[in-house]
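Structure assessment
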Amino acid sequence: MIHGIVFGLTAALLMSLSYIFSKRFMLIHGSPFLLTLYAVLAQGVAGMILLFFVFPRFNWNFDLRTVLIAAGAVAGNIFGNFSFFRTLKVVEASRLSSLLGLKIATLALICMLILQQPVNWLQWVAVLMATVAAVGMNFTGGKITLKAAFWLFMTLLGYSLGDLAGTALLDACFAMGKDGISRLTASFASVSITAFLTALVMAPLLLLKRIPKNLKMLKDASYYGLIWFTSLLFLFDCFSSVGVVYGSILQAARGVISVVIGAILLMMGFRDYEPGVGLAAWVRRLVMALLMVGAMAVYAIAKTMSQ
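Read on for a plain summary of the structure. Because the structure is predicted, anything quoted here is derived from the model rather than measured.

We now examine the nonpolar core. Of all hydrophobic cores here, the largest spans 76 residues; its most connected members are Val245, Tyr246, Ile249 and Met292. A total of twelve residues in this core trace back to one element, the largest contributor, which is helix α9 (residues 215–242). Not counting the four nearest positions on each side in its chain, Tyr246 is found in contact with Met1, Ile5, Met296, Tyr299, Ala300 and Lys303. Within the second largest apolar cluster, ten residues are counted, among which are Phe85, Leu100, Val135 and Leu156.

When you line up the elements, Asp237 lands in helix α9. A distance of 3.1 Å separates a polar side-chain atom of Asp237 from the backbone nitrogen of Leu184. The contact partners of Asp237, leaving out residues within four places of it in the chain, are His3, Phe7, Leu170, Arg183, Leu184 and Ser187.

Glancing now at a nonpolar patch on the surface. Together, Val45, Met48, Ile49, Phe52 and Phe53 make up an exposed nonpolar region whose accessible area comes to about 560 Å². One can find Phe53 in helix α2 (residues 32–54).

Turning to the pattern of salt bridges, a few remarks are in order. For the coordinates displayed, the defined rule picks out four salt bridges. Put simply, Asp220 and Arg24 hold a salt bridge, and the shortest N to O gap is 3.2 Å. Separated by 196 residues along the polypeptide, Asp220 in helix α9 and Arg24 in helix α1 (residues 2–28) bring together distant segments of the chain. Residue class for Asp220 comes out buried when judged on its relative accessible area of 1%. A residue is classified by how much of its surface remains accessible, and Arg24, at 25% relative accessible area, is partly exposed. Shared partners join several salt bridges into a network, and the residues in it are Arg24, Lys216 and Asp220.

Here is what the cut-offs are and how they apply
- Numbering of residues begins from 1 in every chain and follows the order in which that chain's sequence is written.
- Per-residue local features are limited, in this predicted model, to residues with pLDDT of at least 70; the limit for side-chain atom pairs, both in listing and counting, is 80 or more; totals at the level of whole chains, interfaces and linings are taken over all residues.
- With hydrogens and water stripped out, all remaining heavy atoms of the structure feed into the side-chain values.
- Among the buried residues, those of types Ala, Val, Leu, Ile, Met, Phe, Trp, Tyr and Cys that are joined through side-chain atoms within 4.5 Å form a nonpolar core.
- Relative accessibility decides the category of a residue: with a 1.4 Å probe and only protein chains considered, values under 20% of the type maximum give buried, values over 50% give exposed, and everything between is partly exposed.
- Put simply, DSSP marks the helices as runs of H or I at least four residues long and the strands as runs of E at least two long, and each gets a number from the N terminus on.
- Here, two residues are considered to be in contact whenever any of their heavy atoms come within 4.5 Å of each other.
- Any pair of N or O atoms that falls within 3.5 Å is considered a polar contact. Within protein, one atom must be able to donate a hydrogen and the other to accept it, and sequence-neighbouring residues count only if both atoms are side-chain atoms.
- Patch membership requires over 30% relative accessible area and the absence of a salt bridge. Like charges are linked within 9 Å, and nonpolar side chains (Val, Leu, Ile, Met, Phe, Trp, Tyr) within 5 Å.
- Computed by Shrake-Rupley with a 1.4 Å probe, the accessible areas treat only the displayed protein chains as cover when residues are assessed.
- In the sections that follow, a salt bridge refers to a side-chain nitrogen of Lys or Arg positioned within 4 Å of a carboxyl oxygen of Asp or Glu.

Structure (structure tokens):
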């Protein structure tokens, strides 16, 4: 479990760092859609290169089940991103980033109701704590319309499918690995396959005349995309080690880490990257950070009770 926790927190740290470069892209270019498109293309290239190095470590056998799992991982990513941008049209970005913390509860429900994986009462307490902490970290309140709620649900569903299918693909790659292969190498293979196929599907969007073919945009988005890609290598190994629900709680620690990074950026004078907020907001963030740490501890205890 220690291995999974370390890798999950490493993924959360890298994701928090990637947000700095996503913010930089938005300050310069101002388009979340182009950020995602160019980042996906950069990740696809990185995935293709990484696959070249790990390819000899596996006895590849893409049966129908593995193909369907890979398709599910790609579909989850694309559908999640599509729904995310639809949600972004009706919900402010700052609120949406917090509301995505509801993915923890979504995954727990999917695991219990569809995958028939038992979730004990103490694990549910940890899920509730983590969900409240993730949503409350930057949530500003206000009414959520029915349309916004629908697309938010679709976003959570897409990202949850991507997480579950990606973890299953890692397990499939590990089973195809040669003697002595590590789960981290299997994570390299599964994340690379998903990134490459996702880029392959989304690349035709560049043919649209309204999308600028801008090398500077590609370079600026690549900083974000490649750090995010690296974080996924650790995250899916974490999912495979401790499960997607606990892994998502560890992943949600990025909210806590982002608060710390935000405070550092403010002290360094980068106010465009982290606008100043009042004392009440910092107190709320601190409370939510402590609640998130508590959720990680409670879920770890709950897992030992269920074993």
